[in-house]
Each structure stands twice: as C-alpha cells, then as structure tokens.
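# Fold and contact review
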Amino acid sequence: MKELEGFKFSKELQLRWNDMDALGHVNNAIFISYFETGRGHYMLEACPGWDWHKNMFLIANVNVDFKKELLLQAQNPTVWMRTSKLGKKSFTLEYIITSEKKGERIIHASGTTTQIMFDMQQRKTIEIESWMKEGLLDYENLATK
C-alpha cells in the first residue's frame, strides 16, 4: 500500500468496547490514545535507552485526519508510525491507523504529533540529546539521506 511506504514500525491495537460511541464506531478522541499507545512502543524500539521518566517530552501539537470509521469488529487494527521531522528541541511523529478486510488494508485515520523535549526539574524545554537523535535517525534510516 503506497500510503504506508516508509513506515517501518507498526503495533497492533486492541479495540475495546468502551472505545465505541453512540454511532457504534471508535470515538474520534480515542484515536489520540491509539497514537499514544503506539508512541510508547515506537520510542522503546527506536531508542532502546529511552526512559520516559528521565527523557520527558511534551506533546505540543496533535493533528488527526479521519478517513473511514473504525468498528469494533475490525480485523487487525494497527497503528503505523515514523519520525517525519527532527529539530533541535522537537520532533514530529506521523501515524496511520489501519485495519484489514478481505485481504485489503483500510486506512481509518492519519495524523501527526509534535513532541518537545522538556526538563522536569527546570520546567523548560531542552535540546534533544544526541543519543536520542541518533537513535531516531538510525531507526528510520535517515542518517545517510
């Protein structure tokens, strides 16, 4: 699927009954929780030394573009992720949420979040540490591009 080219990381999602709204599909707000679920697993895979207690970041921006409803009986719901931008103090993650039906992949939503590195003691933004930046670049094979 063309839209998933360049997405190396994926994490299967578990849809829950309480994710549904009165229309019988996943409530729009829940997609942000699915991004969050993927983000934790992505960071641990891309940067194995990452410890969210020590290497805190704040979410500065969230964007979600809804494409097609996601139902409880969806097969293989999955969040796909990649780093799409890496700055001095912030980085942007890109997401696509999919499921499968009759052998075809369906895109339900796409989006981005912007993370800003944050020092909890000093209560201020800080630069992304070099090991973290290198980990993200290496994981996404961006270091040589």
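As shown above, the structure is provided for reference.
Residues numbered from 1 in each chain as written. Predicted model: local features only at pLDDT ≥ 70, side-chain atom pairs only at ≥ 80, totals over all residues. Heavy atoms only, no water.

Before going further, it helps to examine the packing of helix α1 (residues 30-46) against helix α2 (residues 130-139). Across the interface, α1 lies against α2 with an axial gap of 9 Å and an inter-helix angle of 95 degrees. It follows from the interaxial angle that α1 and α2 lie roughly perpendicular. Residues Y42, M43, E45 and A46 of α1 form the contact with α2, whose own contacting residues are M132, G135, L136 and Y139. Split into classes, the residues belonging to the contact of α1 with α2 amount to six nonpolar, one polar and one charged. (Axes fitted to C-alpha atoms, helices over the stretch in contact; angles between N-to-C directions. Helix = DSSP H or I, 4+ residues; strand = E, 2+ residues; numbered from the N terminus. Parallel < 35°, antiparallel > 145°, perpendicular 65-115°, else oblique. Contact = heavy atoms within 4.5 Å. Nonpolar A, V, L, I, M, F, W, Y, C, P; charged D, E, K, R; others polar.)

Considered for burial, the residues of α2 that qualify are M132, G135, L136 and Y139. Projection of α2 onto a plane perpendicular to its axis shows the buried side chains occupying an angular sector of 95 degrees, all on one side. On its buried face, α2 is in contact with β1 (9-12), α1, β2 (57-66), β3 (75-86), β4 (90-101) and β5 (104-119). (Buried < 20%, exposed > 50% of the residue type's maximum accessible area, 1.4 Å probe, protein only. Arc of directions from axis to C-beta.)

On the surface, a nonpolar cluster with roughly 210 Å² of combined accessible area is contributed by I32, I59 and V62. With respect to the secondary-structure elements, I32 resides in helix α1. (Patch = residues over 30% accessible without salt bridge, like charges linked within 9 Å, V, L, I, M, F, W, Y side chains within 5 Å. Areas by Shrake-Rupley, 256 points an atom, 1.4 Å probe, with all protein chains shown as cover. Salt bridge = Lys/Arg side-chain N within 4 Å of Asp/Glu carboxyl O.)

On to the layout of surface pockets, then. Taken as a whole, the largest pocket holds about 230 Å³ of empty space. Around the largest pocket, the lining residues are K68, E69, L71, Q73, A74, Q75, S99, E100, K101, I106 and H108. Every element with two or more residues in the lining of the largest pocket is listed here: β4 and β5. When residues in the lining of the largest pocket are grouped by element, the largest group, three residues, is from β4. Its residues assigned to classes, the lining of the largest pocket comprises three nonpolar, four polar and four charged. Computed from the structure, the second largest pocket encloses a volume of approximately 160 Å³. Forming the walls of the second largest pocket are E36, R39, G40, M43, W50, W52, N55, M56, F57 and I59. (1 Å grid on protein atoms, 1.4 Å probe; cavity = no way out; pocket = protein on both sides within 12 Å on 5 of 7 lines; lining within 4 Å. Points joined across faces, edges and corners; volume = space filled by probe spheres on them.)

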